[in-house]
There are 2 protein chains.
Amino acid sequence: MPTKTSTTKARGGIDLGGTKIPTVVVDGRSKVRGEARRPTPTSGGPENVAAQMAEALREAAEAAGVEPGALVGVGVGSPGEVDGHAGTVSQAKNLPGWAETFALADWLAKKLGTAVKVGNDVQVATEAEFHLGAGRPYTSLIGIFWGTGVGGGIVLDGKPWLGRGSAGEIGHTVVKEGGARCPCGRRGCLEAYAGRAAMEAKAREENQAGRKTDLFKLMKKHGRDRLTSGIWERALAKGDELAAELFDRAVRMLGAGIASAVNLLDVEAVIIGGGIGVRMGEPYAKRIEDAMGPHLFSDASPPAVRVASLGDLGGAVGASLLVKT
Amino acid sequence: MPTKTSTTKARGGIDLGGTKIPTVVVDGRSKVRGEARRPTPTSGGPENVAAQMAEALREAAEAAGVEPGALVGVGVGSPGEVDGHAGTVSQAKNLPGWAETFALADWLAKKLGTAVKVGNDVQVATEAEFHLGAGRPYTSLIGIFWGTGVGGGIVLDGKPWLGRGSAGEIGHTVVKEGGARCPCGRRGCLEAYAGRAAMEAKAREENQAGRKTDLFKLMKKHGRDRLTSGIWERALAKGDELAAELFDRAVRMLGAGIASAVNLLDVEAVIIGGGIGVRMGEPYAKRIEDAMGPHLFSDASPPAVRVASLGDLGGAVGASLLVKT
């Protein structure tokens, strides 16, 4: 078995996203030694999703030259309601057929032959950026994960703030009272304007109402069944008007929602991550910073706004931090 | 000099509000022994306001049967930018001619012959409710002070969260992106819809545009020069349509803004205080709670919503807590 000394303290990390499952194997210093990305199943149930997660982990372990069973353990960052002690996940609404409670940690532990810990996806990604990434210079920050939905994680005085277990839902900040319907069913949430899923629904609606756009042609051309961040980026690069309009609106709403959170918490920094956030990078972080400006109450001391520096593997690296060595 | 034993550890507390200056003298167990309320000057500058504060304190001390100079000290809860160490206040925009830095603690200390401490008005009121009032059963809460403006204070894990010094500005949560102009100059803030000053400006505008209302008749009849909480209450009791409409809107926006803060922080409780909050009491706290409901992300575990139990003296009692005994 090819166990190198550098991977004797190796840990796995799986970031269970609504679209993809980025997965890593890191060494004792949290350096990525192997990585894999699998698409999230769009049908089936928790077992189908978990099987895909196990495959991704095996692939990342192989790339790192280590057997899954030889890992100290595997951490999972999951959406939905996560019970870290029980290792269960319920109400994962962005995942197929995952309303009921599923014993994800036990299922994966049996499949992989090592200990598995589950944590909140956004929280582990925030802690990864805080300890290892763009958040390192700061003691208080908000992590914004701009992707299929809009998630948030909070670090205050060097420690995660979880509230009663459900803190950080910045995507459900009301930025427009009485406004657009959010995928969560409520009205006027930030996610209703900036989440990839909500933006796709809006684009589809406008397109069906006769509005011209290349978004769906690009989607078909690239063999996708949804408007991935890459498709949006291509459409924007080609000057697609509808895409530009929807992104302008998303940026405006992100500016308002994030500024509101900063007015409330007066943190030192805002870290922009997530599938779209990382792909759009610095230029969009700057646009969001500019959109925050007019709403910041203490405008003489704005927070630093930075792109998540661990990129789209931040969530997986953060998940690996759940494993204590 | 009539110094009773029960007031040998007496402290003063002054709550410098945009409309009134409620003031107390409390004993060693923070029980109110004397109180006074003076109107906030609407013209002049910091010295005029400070002179009125000194008068209020003298009056409260007299009611408590103690000389100001015999107090252990006096605490002041102030709006604007407060420097607690220097004892200065600047940028108090709701007060007349108070943009520059004024050495409030020194000025009052000389006038009263005792030590004076200055703190943020909303923060001291929040701590008063947390330690002595409606917030006592909880370890994390948000205090909402609904009056001339809309202020907020935060307690997390038993400790005030101040951020870099400016946390708690829930009144400047954007509840309607691109919405109404706020007295702070920004757009769509909660305070633009729910602050007494903004509601008065809107009522005046509607009235001048021909909309019927008894608000301004009631104001004149009661010898006021602005729409006090009492005038609004009278108009609502008489079924004034414009007053009801503006209060409905304020409640809706408070619901959205407070729910957003709860979605972010997942605190155990929300305490509603401030001039309007206390006067409108339980029925309106219930209405705000109902308005929050549709926006709460973790709707299975809503926070407790309570009226500030120290009433309109909470800010003054909280200010007295600044004095260490």
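Residues numbered from 1 in each chain as written. Chains lettered and ligands numbered in written order. Predicted model: local features only at pLDDT ≥ 70, side-chain atom pairs only at ≥ 80, totals over all residues.

Here the focus is the overall build of chain A. Tallying secondary structure elements over chain A gives ten helices and twelve strands in all. In terms of C-alpha radius of gyration, chain A reaches 19 Å, essentially the compact-globule figure of 20 Å for 325 residues. Here chain A, with 325 residues, has 57% of them falling under the buried criterion. A separation threshold of at least 6 residues defines the contact pool for chain A, and within that pool the share at least 24 residues apart is 65%. (Helix = DSSP H or I, 4+ residues; strand = E, 2+ residues; numbered from the N terminus. Rg over C-alpha atoms; globule rule 2.2 N^0.38 Å. Buried ≥ 20, exposed ≤ 12 C-beta atoms within 10 Å, placed from the backbone. Contact = placed C-beta atoms within 7 Å.)

Facing 37 residues of chain A, the contacting portion of chain B comprises 36 residues. Listed by contribution, the elements that provide at least two residues to the side of chain A that touches chain B are β9 (150-156) and α8 (241-265) of chain A. A total of nine residues in the side of chain A that touches chain B trace back to one element, the largest contributor, which is α8(A). Here the residues of the side of chain A that touches chain B sort into 16 nonpolar, 13 polar and eight charged. (Nonpolar A, V, L, I, M, F, W, Y, C, P; charged D, E, K, R; others polar.)

A few words on the relation of the copies chain A and chain B. Superposing chain A onto chain B takes a rotation of 180 degrees plus a shift of 0.0 Å along the axis, which leaves an RMSD of 0.0 Å. The relationship between the two copies is best expressed as a two-fold rotation axis. Of the C-alpha atoms belonging to chain A, the one lying closest to the rotation axis is found on A:Lys176, 2.1 Å away. Of the interface residues in chain A, 97% have counterparts in chain B that sit at the interface too, so the contact is made through matching surfaces. (Least-squares fit on C-alpha atoms with pLDDT ≥ 70 in both.)

What follows covers the sheet that holds strand β7 (residues 116-120) of chain B. All names here are of chain B. Strand order in the open sheet made by the five strands is β3-β2-β1-β4-β7, with mixed pairing throughout. At either end of the open sheet lies a strand with only one pairing partner, and these are β3 (32-39) and β7. Strand-to-strand twist of the sheet, defined as the mean angle between neighbouring strand axes without regard to direction, takes the value 15 degrees. Bridge analysis of strand β1 (residues 11-15) against strand β4 (residues 74-78) gives four bridges, and the strand direction is parallel. Residue pairing across strands places Gly12 opposite Val74, the latter belonging to β4. Packing of helix α1 (residues 46-64) onto the sheet brings it into contact with β1, β2 (20-26), β3 and β4, and relative to β3 it is tilted by some 150 degrees. Against the sheet, helix α2 (residues 104-112) makes contact with β4 and β7, and its axis sits at roughly 145 degrees relative to β7, the strand it touches most. (Pairing = 2+ DSSP bridges. Axes fitted to C-alpha atoms, helices over the stretch in contact; angles between N-to-C directions.)

Moving on: the domain arrangement of chain A. Residue and element names in this part refer to chain A. Splitting chain A by domain gives domain 1 (5-124 + 314-320) and domain 2 (134-309). Computed from C-alpha coordinates alone, the two centres of domain 1 and domain 2 are separated by 25 Å. Domain 1 puts seven residues into the contact, and the matching count from domain 2 is 15 residues. Grouping the constituent residues of the side of domain 1 that touches domain 2 by class yields one nonpolar, six polar and no charged. (Domains from an automatic or database assignment.)

All names here are of chain A. The first and last C-alpha atoms of helix α1 (residues 46-64) sit 27 Å apart over 19 residues, in line with the 27 Å expected at 1.5 Å per residue. All of the buried residues in α1 are Pro46, Val49, Ala50, Met53, Ala54, Ala56, Leu57, Ala60, Ala61 and Ala64. Taken around the axis of α1, the buried residues stretch over an arc of 165 degrees, which confines them to a single face. Turning to α1, the residues buried within the fold contact β1 (11-15), β2 (20-26), β3 (32-39), β4 (74-78) and α2 (104-112). Remark: Gly65 follows α1 within two positions and exhibits a positive phi of approximately 70 degrees. (Expected span 1.5 Å × (residues − 1). Arc of directions from axis to C-beta.)

Residue and element names in this part refer to chain A. Contact geometry for α1 and α2: axes closest at 10 Å, N-to-C directions at 45 degrees. Classified by the interaxial angle, the pair formed by α1 and α2 is oblique. For α1 against α2, the interelement crossing comes out right-handed. When α1 is examined against α2, the residues Ala50, Met53, Ala54 and Leu57 are found in contact with a partner set consisting of Leu104, Trp107, Leu108, Lys111 and Leu112. Looking at the contact of α1 with α2 residue by residue, the class counts come to eight nonpolar, no polar and one charged. (Parallel < 35°, antiparallel > 145°, perpendicular 65-115°, else oblique. Left-handed = near helix turned anticlockwise from the far one by under 90°.)

For the rest of this paragraph, the subject is the environment of B:Asp27. All names here are of chain B. Tracing the chain through its elements places Asp27 in the loop between β2 and β3. The exposure class of Asp27 is buried, given the 20 C-beta atoms found within 10 Å. Remark: the alpha-carbon pair of Asp27 and Ala10, spanning 17 residues in sequence, is separated by 4.3 Å.

In this section: the packing of α8(A) against helix α9 (residues 274-292) of chain A. Residue and element names in this part refer to chain A. α9 packs onto α8 with a crossing angle of 60 degrees between their chain directions and a minimal axis gap of 7 Å. It follows from the interaxial angle that α8 and α9 lie oblique. Crossing handedness for the pair α8 and α9: right-handed. Contacts from Val251, Arg252, Leu254, Gly255, Ile258 and Ala259 of α8 reach α9 at Tyr284, Arg287, Ile288, Ala291 and Met292.

This next bit is on the confidence of the model for chain A. For any part of a model where pLDDT is low, the fine detail of the predicted coordinates should not be relied upon. Residue and element names in this part refer to chain A. Mean pLDDT over chain A stands at 95; residues scoring 70 or higher make up 98%. Confidence over residues 1-5 falls short of pLDDT 50; this stretch has seven contacts with residues more than four positions distant or in other chains. Scored as a whole, the predicted complex attains pTM 0.91, and scored at its interfaces, ipTM 0.90. (pLDDT = per-residue confidence, 0-100.)

We now examine unusual backbone geometry. Despite not being glycine, A:Ser30 has its phi angle at roughly 65 degrees, a positive value. Examined against the element boundaries, A:Ser30 turns out to sit in the loop between β2 and β3. On the neighbour-count criterion, A:Ser30 (18 C-beta atoms within 10 Å) is partly exposed. In this model, B:Asp157 sits at a positive phi of 55 degrees, which is unusual for a non-glycine residue.

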